[in-house]
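Breakdown of the fold
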Amino acid sequence: MAQETTPPQVAQQATKTTHDLGGALTLLGTFGSQSDLQALLKLRNGKTAHGCRAVIQ
């Protein structure tokens, strides 16, 4: 199944500009089921890391 391109207006609404406050990580979002919640992170060097397990307490 081919993935469709995101319409520009949807991408604009879903994209936010932030000011880097010097933190090492930025949480971009979470995904997965509640029993297997994972996070998408932006690292300080600009790369992303995904599949990180999140713990809900």
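Everything numeric here is computed off the predicted structure, so don't read it as measured data.

What follows covers the overall build of the protein chain. Counting secondary structure elements, the protein chain contains one helix and three strands. Seen in sequence order, the protein chain has helices and strands lined up from the N terminus as α-β-β-β. The burial tally for the protein chain puts 7% of its 57 residues in the buried class. Of all intrachain contacts in the protein chain linking residues separated by at least 6 positions in sequence, the fraction that spans at least 24 positions is 2%. Just so you have it, the protein chain exposes about 5,400 Å², and 53% of that area is on carbon and sulfur atoms.

Moving on, we get to a nonpolar patch on the surface. On the surface, a nonpolar cluster with roughly 250 Å² of combined accessible area is contributed by L28, F31 and L40. On the basis of relative accessible area, F31 is assigned to the partly exposed category, the value being 39%.

Let's shift gears to the pairing of strand β2 (residues 38-43). Note: strand β1 (residues 25-31) against β2, six bridges, orientation antiparallel. Looking at β2, one finds that T30 is bridged to A39. Here β1 folds back onto β2 in antiparallel fashion, the turn holding six residues, of which G32 has a positive phi close to 105°.

Within the element layout of this structure, Q38 appears in strand β2. Looking at Q38, its side chain comes within polar contact range of the side chain of D36, at 3.5 Å.

Once that is clear, we can look at the confidence of the model for the protein chain. Residues of the protein chain with pLDDT of at least 70 account for 74%, and the chain-wide mean is 76. Here strand β3 (residues 48-53) stands out as the element of the protein chain with the lowest mean pLDDT, 74, in contrast to β2, whose mean of 85 is the highest.

The next subject is the environment of A24. Positionally, A24 belongs in the loop between α1 (8-14) and β1. Along the backbone, A24 and R44 are 20 residues apart, and their C-alpha atoms lie at a distance of 4.9 Å. Excluding residues within four positions of it along the chain, A24 makes contact with K42, L43 and R44.

Analysis parameters
Residues numbered from 1 in each chain as written. Predicted model: local features only at pLDDT ≥ 70, side-chain atom pairs only at ≥ 80, totals over all residues. Heavy atoms only, no water. Helix = DSSP H or I, 4+ residues; strand = E, 2+ residues; numbered from the N terminus. Buried < 20%, exposed > 50% of the residue type's maximum accessible area, 1.4 Å probe, protein only. Contact = heavy atoms within 4.5 Å. Areas by Shrake-Rupley, 256 points an atom, 1.4 Å probe, with all protein chains shown as cover. Patch = residues over 30% accessible without salt bridge, like charges linked within 9 Å, V, L, I, M, F, W, Y side chains within 5 Å. Salt bridge = Lys/Arg side-chain N within 4 Å of Asp/Glu carboxyl O. Pairing = 2+ DSSP bridges. Polar contact = N/O pair within 3.5 Å; in protein donor to acceptor, adjacent residues only side chain to side chain. pLDDT = per-residue confidence, 0-100.

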